[in-house]
Amino acid sequence: MADLKQFAEQLVNLTVKEVNELATILKDEYGIEPAAAAVVAAGPAAGGDAPAAEEQTEFTVVLKDAGASKLAVVKAVKELTGLGLKEAKDLVDGAPANVKEGISKDEAEGLKKSLEEAGAVVELK
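Treat the numbers as computed from the prediction; the structure is a model and nothing was measured. (Residues numbered from 1 in each chain as written. Predicted model: local features only at pLDDT ≥ 70, side-chain atom pairs only at ≥ 80, totals over all residues. Heavy atoms only, no water.)

Engineer: What should I look at first to understand the sheet that holds strand β3 (residues 121-124) in this one?
Structural biologist: In a beta sheet, neighbouring strands pair by backbone hydrogen bonds and run either parallel or antiparallel. Spatially, the 3 strands line up as an open sheet ordered β2-β1-β3, and their pairing is antiparallel. Each edge of the open sheet carries a strand with a single partner, namely β2 (97-103) and β3. Strand-to-strand twist of the sheet, defined as the mean angle between neighbouring strand axes without regard to direction, takes the value 20 degrees. Sitting on the sheet, helix α6 (residues 105-117) touches β1 (59-65), β2 and β3, and the angle it makes with β2 is about 155 degrees. (Pairing = 2+ DSSP bridges. Helix = DSSP H or I, 4+ residues; strand = E, 2+ residues; numbered from the N terminus. Axes fitted to C-alpha atoms, helices over the stretch in contact; angles between N-to-C directions. Contact = heavy atoms within 4.5 Å.)

Here you go:
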């Protein structure tokens, strides 16, 4: 079997023209349409040393609107954030407002789901 590391290095160092030729060969001779792979491989070659887009790691849960079931949303905010009843009510009344900031994607999605189930309109930033 060929040295896979060497093969990977050869693929990474292909020019845009070579990537297009490779795509044509894979399609014509093997019936493989590597459209996504060609775009990924062509990106760094075309852009030179362009920095890769960084994936967002910290999220903010924003309460956009309490919706029709304001009391349920206040209860959910109180339960999810550990705020007192008055503080949770003030946060909901002050919508749009940040419920939690600087949290992981999983935690943010969980909060969003819980608040939406209570009837709120929520956005992740």
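Let's pick the thread back up.
Engineer: Please clarify how the pattern of salt bridges should be interpreted in this entry.
Structural biologist: It is possible for side chains of opposite charge to pair when their charged atoms get near one another. Under the criterion given, the structure shown has 6 salt bridges. A salt bridge links K112 to E116, with the nearest nitrogen and oxygen atoms 4.0 Å apart. Of this pair, K112 and E116 both sit in helix α6, 4 residues apart, which is roughly one turn of that helix. Residue class for K112 comes out partly exposed when judged on its relative accessible area of 26%. The class for E116 is partly exposed, based on a relative accessible area of 39%. The partner of E123 in a salt bridge is K125, with the nearest N and O atoms 3.7 Å apart. (Salt bridge = Lys/Arg side-chain N within 4 Å of Asp/Glu carboxyl O. Buried < 20%, exposed > 50% of the residue type's maximum accessible area, 1.4 Å probe, protein only.)

Engineer: Please clarify how a nonpolar patch on the surface should be interpreted in this entry.
Structural biologist: Side chains of L4, F7, L11 and L22 sit close together on the surface and give an oily, nonpolar patch of about 350 Å² of accessible area. Broken down by element, the residue count for the nonpolar patch peaks at 3 residues, all from helix α1 (residues 4-12). Looking at the element boundaries, L11 is found in helix α1. For L11, a relative accessible area of 33% translates into the label partly exposed. (Patch = residues over 30% accessible without salt bridge, like charges linked within 9 Å, V, L, I, M, F, W, Y side chains within 5 Å. Areas by Shrake-Rupley, 256 points an atom, 1.4 Å probe, with all protein chains shown as cover.)

Engineer: I'm lost on the nonpolar core in this one. Help?
Structural biologist: As a rule of thumb, soluble globular proteins bury nonpolar side chains together. The biggest cluster of nonpolar side chains holds 20 residues, and the ones touching the most others in it are V61, L63, V73, V77, V92 and L115. Those elements giving two or more residues to this core turn out to be β1, α4 (70-81), α5 (85-93), β2 and α6. No other element matches α4, which puts 4 residues into this core. In this view, V61 contacts A97, N98, V99, K100, I103, A108, L111, L115, V122, E123 and L124; residues no more than four positions away in its chain are not counted. (Core = buried A, V, L, I, M, F, W, Y, C linked by side-chain atoms within 4.5 Å.)

Engineer: Looking at this model, I keep getting lost on the pairing of β1. Mind explaining?
Structural biologist: One face of the sheet, then the other: side chains in a regular strand alternate in exactly this way. Of all the 7 residues making up β1, 5 are buried; the element is thus mostly covered by neighbouring parts of the structure. Bridging between β1 and β2 involves 4 bridges; their strand directions are antiparallel. Bridging from a neighbouring strand, V62 pairs with N98 of β2. One ladder, built from 4 bridges, connects β1 with β3; its direction is antiparallel. Bridging from a neighbouring strand, D65 pairs with V121 of β3.

The values are spatial; any link to function lies outside them.
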